[in-house]
Amino acid sequence: DAMVIQNPRYQVTQFGKPVTLSCSQTLNHNVMYWYQQKSSQAPKLLFHYYDKDFNNEADTPDNFQSRRPNTSFCFLDIRSPGLGDAAMYLCATSGPEQGYNEQFFGPGTRLTVL
Amino acid sequence: ILNVEQSPQSLHVQEGDSTNFTCSFPSSNFYALHWYRWETAKSPEALFVMTLNGDEKKKGRISATLNTKEGYSYLYIKGSQPEDSATYLCAFLGAGGYQKVTFGTGTKLQVIP
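This is a predicted model, so every value here is computed, not measured. (Residues numbered from 1 in each chain as written. Chains lettered and ligands numbered in written order. Predicted model: local features only at pLDDT ≥ 70, side-chain atom pairs only at ≥ 80, totals over all residues. Heavy atoms only, no water.)

(A) Expanded view of the overall build of chain B. A tally of regular secondary structure across chain B gives zero helices and 11 strands. From first element to last, N terminus to C terminus, chain B shows the α and β order β-β-β-β-β-β-β-β-β-β-β. The C-alpha atoms of chain B give a radius of gyration of 14 Å, which matches the 13 Å a tight globule of 113 residues would have. Each principal axis of the C-alpha atoms in chain B carries an extent, and together these give about 45 × 30 × 20 Å. In chain B, buried positions account for 50% of the 113 residues. Considering only residue pairs separated by 6 or more positions, chain B has 53% of its internal contacts joining residues 24 or more positions apart. Counting every atom, chain B has about 5,500 Å² of accessible surface; 47% of that belongs to carbon and sulfur. (Helix = DSSP H or I, 4+ residues; strand = E, 2+ residues; numbered from the N terminus. Rg over C-alpha atoms; globule rule 2.2 N^0.38 Å. Buried < 20%, exposed > 50% of the residue type's maximum accessible area, 1.4 Å probe, protein only. Contact = heavy atoms within 4.5 Å. Areas by Shrake-Rupley, 256 points an atom, 1.4 Å probe, with all protein chains shown as cover.)

(B) Focus on the side chain of Q25 of chain A. Within the fold, Q25 of chain A resides in strand β3 (residues 19–25). Here T71 of chain A takes part through its backbone oxygen, which lies 3.0 Å from a polar atom of the side chain of Q25 of chain A. (Polar contact = N/O pair within 3.5 Å; in protein donor to acceptor, adjacent residues only side chain to side chain.)

(C) How the structure looks around the interface of chain A and chain B. Counting from both sides, the interface comprises 21 residues of chain A and, opposite them, 21 residues of chain B. For the pair chain A and chain B, the summed buried area comes to about 1,700 Å², and 60% of that belongs to carbon and sulfur atoms. In terms of surface lost to chain B, no three residues of chain A exceed P43, N101 and F105 of chain A, which account for 31% of the buried area on that side. Our count for the contact surface shared by chain A and chain B stands at zero salt bridges. On the surface where chain A and chain B come into contact, there are four residue pairs in polar contact (both at pLDDT 80 or more). The element best represented in the side of chain A that touches chain B is strand β4 (residues 31–37) of chain A, accounting for four residues. (Buried area = accessible area lost by both parts, 1.4 Å probe. Salt bridge = Lys/Arg side-chain N within 4 Å of Asp/Glu carboxyl O.)

(D) Region of interest: the nonpolar core. W35, L75 and Y88 of chain B are the most contacted members of the largest nonpolar core, which has 23 residues in total. Mapped by element, the contributors of at least two residues to this core are β2 (10–14), β3 (19–24), β4 (30–38), β5 (45–50), β7 (62–67), β8 (72–77), β9 (86–94) and β11 (107–112) of chain B. (Core = buried A, V, L, I, M, F, W, Y, C linked by side-chain atoms within 4.5 Å.)

(E) Up close: the pattern of salt bridges. Tallied over the entire structure, the rule returns five salt bridges over all chains. Here D59 of chain A makes a salt bridge to K44 of chain A, at a shortest N to O gap of 3.3 Å. Taken together, the residues span a long stretch of sequence, with D59 of chain A in the loop between β6 (53–56) and β7 (64–67) and K44 of chain A in strand β5 (residues 44–50) at a distance of 15 residues. On the accessibility criterion, K44 of chain A (29% relative accessible area) is partly exposed. Close ionic contact of R37 of chain B with E45 of chain B constitutes a salt bridge, the shortest N to O distance being 3.4 Å.

(F) Expanded view of the sheet that holds β7 of chain A. Residue and element names in this part refer to chain A. Across the sheet, four strands lie side by side as β1-β3-β8-β7; this open sheet has antiparallel pairing. Both outer strands of the open sheet, β1 (4–7) and β7, are each paired with one neighbouring strand and no more. Across this sheet, the average inter-strand angle for adjacent strands is 20 degrees, counted without regard to direction. (Pairing = 2+ DSSP bridges. Axes fitted to C-alpha atoms, helices over the stretch in contact; angles between N-to-C directions.)

(G) The arrangement of the environment of T20 of chain A in detail. Residues and elements named next belong to chain A. Relative to the elements of secondary structure, T20 occurs in strand β3. For the pair T20 and R79, spaced 59 residues apart in sequence, the C-alpha to C-alpha distance is 8.5 Å. Beyond its immediate stretch of four places on either side in the chain, T20 contacts R67, F75, L76 and D77. Within the structure, the side chain of T20 is placed 2.6 Å from the side chain of D77, a separation counted as a polar contact.

Next up, the structure:
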């Protein structure tokens with residue numbers, strides 16, 4: 001089955017220690033998104049890629065970076081995690097088959113910062 | 001900043017009860033509204049993509065309605081079952097393309113056997 005995979009599912013890091021979260025997809029979608037969801041809050045878009053074009057949301061902290069080496073993979077790098085970065089991180093994709101009108105999600109990576 | 005609100009925040013119902021919850025969104029600049037079901041430890045799964053005012057969609061015991069003029073959508077679950085326990089998220093897609101998605105905070109449903 002075509003899907004969106006996130007690794008790891010749970011990540012523990014230390015305050016200030018860089019961490020990378022991974023997302024891969026078998027849907028061959030050209031748009032990939034990263035969302036951050038803190039407890040009891042709505043998922044918040046951090047950035048997205050349209051093909052190789054990177055689109056950062058205006059309020060995404062500089063501490064968050066992303067890489068997309070190819071269509072299938074996208075990484076979220078947190079350069080110096082703070083306690084406030086503990087959250088669920090969701091990756092999603094969309095494609096022209098659905099008119100970009102539907103997003104397909106991975107199961108998320110829950111990040112804990114000690 | 002767009003305001004997409006869902007109510008209630010959480011809900012406990014007995015098995016067999018019917019339930020409904022609300023998503024409210026801006027009535028201007030509407031493109032589509034999505035409903036997702038997010039079970040614990042799984043990926044959010046798309047339930048409905050709604051685009052036209054007056055849309056009604058149904059999938060088994062779950063249905064949804066859309067009113068774009070007044071900016072709300074209802075999700076109904078008939079005869080709730082324990083497997084319906086999940087967080088239900090709505091997402092507003094504004095005109096301007098795929099990037100303009102704003103999520104609500106979700107309604108967490110717990111169905112008690």
